[in-house]
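An overview of the molecular structure
Chain residues, written in single-letter form:
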Amino acid sequence: MRNQTKITTKLAVALAALAVVAVVGGFLFVIASRSNSPLHNLPEFPVAEYRQGDPLWSNSSYLLSGTLDNIILESKNRTKYLVAITAKGAGSPLPVIIPAKASKVPLQRLQNISLKVTVDSSGRIIASDCSIN
Amino acid sequence: MSQPVRYCGFAAWGMALVCAFPFATLFSADAPVVQVPAIQGVPAVTQTVVTSSFEAVEMEKLRIAKEVGKLSVDDADFNEAVAKLQKKLAEASLLSVLPPSVPSELRSFLNASASEVERAKSYYTQLSSVLNKLSPESPYNSGTALDTVNPRAAADLLHKVSNYEEDEGLSQTILNQWGAKEGGARDDARRISQIDSGIQSLFKERKRLEWNYNMTFHVNSMTGEKGGTDADRDHIQEQINEVKKQSAELEAEKNTRVGLATIPLRKLEFQQFILQLAVQQRYLHALIACGFYRNVFTGGDMSIKQEARPEGKKSQGTGSDPFAKGSNATGNSGPVPAQELSTISTITGLESFLLNRVRDAKKDREALENMLATKQISVAESLAGKMVMTAKYQPELHTVSTQGRQKIRDFYQEVRQLSESVNAKNYPEILKLSDNLSASCSDIGTQDLKAFAVENRKKALFWVGQAEISGRLGDARSAQLLLEFAQRRAPHDPDVEDSIKRIQESATTSVKLRDELAGIIEHQDYATAYLKMADFMPLASIAGNESQKKAFLDLLDKEKTVRTSVERSESFEKMKAFPEAWLALENTPAPLDKDPRLQEKKTALTAECADFISAYAKGKKFEVQGQTPLALTWYMEALSLTSGNPDVKSKVRDLGRKILESP
């Protein structure tokens, strides 16, 4: 009887240790995979400067992370979309053009999204890569 | 103001009159409210919408043309109504249409003084007493039929009555007739006696002369000479002839005074006299004369002697004269002679006629009193007129009280005034007199008179109103025509008079109004143009002034735009939708957005939605600069601050399309 109790306790401890190892391993995997994404090497999009009309370098890429507020329009052949993104830390939406090929998953409202964006010569914000968080 | 001057005034103002049509009602607070289609996402609100009224002006012109067309027909109807009313008034009172210059016994009766009436009462009382003394069964006797007949007392009373002016000597004539019979009979007897005595004397004288004549042939035996010569005989013969002549004359006179021939003659004369009184409507005198007649000719009748009737005729009946007291069926006191003709009951029939007349007069008098008491003045006047014709000298007529006569007099004077007022179209006076007549007289309806006065006064005022509108619409001819008809229809109405004067005065102000409109168009003062739209609209709509009309309409449209913006803004403001309220002002097209009223309101709204205004303003600024993406950014910001304002949405959609489609 006493031997049976010892065996059960040892088994429980072993299982708990396995679980902790699994969680820590998963977390480390995620961190490792994100640090390996090319978007995270980009500078954050300067929302305030853009809104004030300050000149931004063309062809420079920025990371724009935030919430997809609304899909405002789509082009006639559905090759691109005009969406409203509310950047993190900014309460105001920005109009961003997302080409259809840039998005690997269907766009949906209120999605947390990270975009690699550039500002073209006319001041449009255009996404070239898109990932859903 | 005299008529020519007035018409000149009409013409002058008609030519100058170009002023505003009272369209204020169309655009006042009471104007119909049109539902505005709801803006997307915004609840519909009721707003006053200004509509163009030029169509209404044309409609008014057409309507007034119809009114003018009806004028002559209405005039004919009016004349017919006047004729009907005049006929009614004439039937109500004959005296009202009888010219005062025409002598009228009825008018004399109505205008008798109180003293005349009192004297008439006294006169007729005494006259009735005379009749009562002669005929106890008289309709005026309050005693019994058993009262005694006293011709002598009646004659004494009648003598007193003859002193009255109203009697006109008739009583004295009756007395003379009666006295002639009474005294005449005695005189005849004395005269016949005298004649007989004279005839006797003449007979003796004739015998004496005849004896003397014979003696002239006698020869004297002593001397042998004759008693007389031829000359003596001739002289005696002349004397004899003279005596014979005198004797014959006396015989002739005696024959005329013999009783059997005189009494019927006297009766006939008396009856003729009574008839004359009856024909003159002197019924009381005639009855009195009948009374004397009955009491004078006792035993007398109208029987005619045998010698007087035609040969071979026999008596056909036994009629009697009942007035011949003590007579038998034939009127004689003795046995009825078989050869006498029937008598004629002239006095009985005549007295029956007279009593009927008196009875009718009494009934008429009672009816007259009753009519006056119950205010049936119209029929009372008619009855008085009849009594004047049929009972001209009856106490029933002449003792009517002065108050009663006054009522009838007042009545016909009121009816005459009413008739004159109807002719003069004096409606206030017609109403006043109709009220008076209704109060004093119950047998004349005045509703038609009142309706006539009210209707035509209203019509005149209506025409004045139409003339004013017509003048403002620039139709001077119709205006002048309407005013002339109104003036003719109610020439004494102060309201009509005042209205015409006011219109004439307004004609002078219309010239100033025209100059003011030109200034407002030049300065594009759309606010004033709208405020005075009622005045300016007809001016602008006058034919041949299309440019002015267009310019005025443009001004009205501008003001309508501003007012609509303000009203929309206020509606949103009430719902706490301040961005929308601000946008309603902001989106007003230029240059109206600079209107001080809009600016003032926008300033007031700034505090309520500063973030939205800032975002929208930036969006607008970048849009103007051509920085479409930035403009879109700020418009999106502004949109997020509203509850989906459709204008901002539209902006976002348009700009988004633009940047999405550009390469």
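Residues numbered from 1 in each chain as written. Chains lettered and ligands numbered in written order. Predicted model: local features only at pLDDT ≥ 70, side-chain atom pairs only at ≥ 80, totals over all residues.

1. Side note on the overall build of chain B
Helices and strands together make up the secondary structure of chain B, namely 28 helices and two strands. Across the 663 residues that make up chain B, the buried fraction comes to 35%. (Helix = DSSP H or I, 4+ residues; strand = E, 2+ residues; numbered from the N terminus. Buried ≥ 20, exposed ≤ 12 C-beta atoms within 10 Å, placed from the backbone.)

2. What to know about the overall build of chain A
Helix and strand counts for chain A come out as two helices and five strands. When the helices and strands of chain A are read in sequence order from the N terminus, they spell out α-α-β-β-β-β-β. Excluding contacts between residues fewer than 6 apart, the proportion of contacts in chain A whose partners are at least 24 apart in sequence is 41%. (Contact = placed C-beta atoms within 7 Å.)

3. Points about the nonpolar core
Counting residues in hydrophobic clusters, the biggest one holds 78 residues, and the most contacted among them are Ile288 and Ala486 of chain B. It is helix α12 (residues 283-296) of chain B that provides the largest number of residues to this core, a total of ten residues. Per-domain counts for this core show at least three residues from each of domain 1 (3-79 + 456-541) and domain 2 (83-110 + 368-451) of chain B. Non-local contacts of alanine 486 of chain B, meaning those with residues more than four positions away in its chain, are made with Ala460, Trp463, Val464, Ala467 and Val496 of chain B. Judged by nonpolar contacts, the second largest core, of 51 residues, contains Phe45, Tyr50 and Ala127 of chain A together with Leu630 of chain B. (Core = buried A, V, L, I, M, F, W, Y, C linked by C-beta atoms within 7 Å. Domains from an automatic or database assignment.)

4. Details of the sheet that holds strand β2 (residues 80-87) of chain A
Paired through backbone hydrogen bonds, the strands of a sheet run either parallel or antiparallel to each other. Pairing within the closed barrel is mixed, and its five strands lie in the order β1-β2-β3-β5-β4 (chain A). On average, adjacent strands in this sheet sit at an angle of 55° to one another, irrespective of strand direction. Note: strand β3 (residues 93-99) of chain A against strand β5 (residues 125-132) of chain A, two bridges, orientation parallel. Note that in β5 of chain A the partner of isoleucine 97 of chain A across the bridge is isoleucine 126 of chain A. Here helix α27 (residues 628-640) of chain B sits on the sheet and contacts β2, β3 and β5 of chain A; the angle it forms with β3 of chain A, its principal contact strand, is near 125°. Docked against the sheet, helix α28 (residues 646-661) of chain B engages β1 (61-74), β2 and β3 of chain A, running at close to 120° with respect to β1 of chain A. (Pairing = 2+ DSSP bridges. Axes fitted to C-alpha atoms, helices over the stretch in contact; angles between N-to-C directions.)

5. A few points about unusual backbone geometry
Residues and elements named next belong to chain B. Residue proline 591 is bonded to the preceding alanine 590 through a cis peptide linkage, with omega at 0°. Turning to its location among the elements, proline 591 is positioned in the loop between α24 (578-586) and α25 (596-606). The residue glutamate 168 is not glycine, and still its phi comes out positive at about 55°. When you line up the elements, glutamate 168 lands in the loop between α8 (151-161) and α9 (170-215). Even without being a glycine, lysine 375 presents a positive backbone phi close to 65°.

6. Points about the confidence of the model for chain A
With 84% of its residues at a pLDDT of 70 or more, chain A shows a mean pLDDT of 81. The spread of mean pLDDT over the elements of chain A runs between helix α1 (residues 2-35) of chain A, the lowest at 71, and β3 of chain A, the highest at 91. (pLDDT = per-residue confidence, 0-100.)

7. Here we look at the packing of helix α18 (residues 447-472) of chain B against helix α19 (residues 476-489) of chain B
Two numbers describe a pair of packed helices, the interaxial angle and the distance between the axes. Residue and element names in this part refer to chain B. Taken N-terminus to C-terminus, the directions of α18 and α19 make an angle of 160°; their axes are 8 Å apart at the nearest point. The orientation of α18 relative to α19 falls into the category roughly antiparallel. Viewed along their axes, α18 and α19 form a crossing whose handedness is left-handed. In contact with Asn456, Lys459, Ala460, Trp463, Val464, Gln466, Ala467, Ser470 and Gly471 of α18, α19 contributes Ala476, Ser478, Ala479, Leu482, Leu483, Phe485, Ala486 and Arg489. Across the contact of α18 with α19, the residue classes break down as ten nonpolar, five polar and two charged. (Parallel < 35°, antiparallel > 145°, perpendicular 65-115°, else oblique. Left-handed = near helix turned anticlockwise from the far one by under 90°. Nonpolar A, V, L, I, M, F, W, Y, C, P; charged D, E, K, R; others polar.)

8. Focus on helix α7 (residues 114-134) of chain B
Between its first and last C-alpha, α7 of chain B extends 31 Å over 21 residues, near the 30 Å set by a 1.5 Å rise per residue. Each element contacted by the buried residues of α7 of chain B is listed here: α8, α12 and α15 (395-398) of chain B. (Expected span 1.5 Å × (residues − 1).)

9. Re the interface of chain A and chain B
Accessible area lost on assembly of the parts is the figure often given for the size of an interface. Chain A puts 17 residues into the contact, and the matching count from chain B is 16 residues. Listing elements by their share of the side of chain A that touches chain B, those giving two or more residues are β1, β2 and β3 of chain A. When residues in the side of chain A that touches chain B are grouped by element, the largest group, four residues, is from β3 of chain A. Across the side of chain A that touches chain B, the residue classes break down as nine nonpolar, five polar and three charged.

10. Some thoughts on the environment of isoleucine 377 of chain B
All names here are of chain B. Note that isoleucine 377 resides in helix α14 (residues 377-390). A sequence separation of 63 residues divides isoleucine 377 from serine 440, and the C-alpha atoms of the two residues are 8.1 Å apart. Isoleucine 377 has contacts with Lys407, Ile408, Phe411, Ser440 and Cys441, leaving out every residue within four places of it along the chain.

11. Let's talk about the pairing of β3 of chain A
Residues and elements named next belong to chain A. In terms of residue burial, β3 counts as a mostly covered element, since six of its seven residues are buried. In this sheet, β3 lies alongside β2 in antiparallel orientation, the contact comprising seven bridges. Its bridge partner lying in β3, tyrosine 81 is registered against isoleucine 98. Taken together, β2 and the strand that follows it, β3, pair antiparallel across an intervening segment of five residues, in which glycine 89 is found at a positive phi of about 85°.

12. Observations concerning the confidence of the model for chain B
All names here are of chain B. Counting all residues, the mean pLDDT for chain B is 78, and 78% of those residues have values of 70 or more. This stretch, residues 1-52, has a pLDDT under 50; its non-local contacts, to residues over four places away or in other chains, come to 85 contacts. Taken as a whole, residues 299-341 scores under 50 in pLDDT and shows 79 contacts with residues more than four places along the chain or in a different chain. This complex was scored by the predictor with a pTM of 0.48 and an ipTM of 0.75.

13. Quick look at the packing of helix α17 (residues 427-440) of chain B against α18 of chain B
Residue and element names in this part refer to chain B. At a closest axis distance of 9 Å, the pairing of α17 and α18 adopts a crossing angle of 160°. As judged from the angle between their axes, α17 and α18 are roughly antiparallel. Crossing angle aside, the handedness with which α17 passes α18 is left-handed. Of the residues in α18, those in contact with Tyr427, Ile430, Leu431 and Ser434 of α17 are Leu449, Lys450, Ala453, Asn456 and Arg457. Within the contact of α17 with α18, the residues separate by chemical class into five nonpolar, two polar and two charged.

14. Description of the environment of serine 478 of chain B
With respect to the helices and strands, serine 478 of chain B occurs in helix α19. Spatially, the C-alpha atom of serine 478 of chain B lies 7.3 Å from that of alanine 65 of chain B, the residues being 413 residues apart in sequence.

15. Concerning the environment of lysine 576 of chain B
All names here are of chain B. Here lysine 576 is to be found in the loop between α23 (546-574) and α24. Take lysine 576: there are 9 C-beta atoms within 10 Å of it, and that puts it in the exposed class. Taking the C-alpha atoms as reference points, lysine 576 and glutamate 608, 32 residues apart in sequence, are found 9.1 Å from one another.

16. Some remarks on the pairing of strand β4 (residues 112-119) of chain A
Residues and elements named next belong to chain A. Where burial is concerned, most of β4 is hidden: six out of the eight residues are buried. With seven bridges joining them, β1 and β4 adopt antiparallel strand pairing. Across the sheet, residue glycine 66 finds its bridge partner in β4, namely isoleucine 113. Two strands pair when backbone bridges link them, and β4 and β5 are joined in this way by seven bridges, in the antiparallel orientation. Residue pairing across strands places lysine 116 opposite aspartate 129, the latter belonging to β5.

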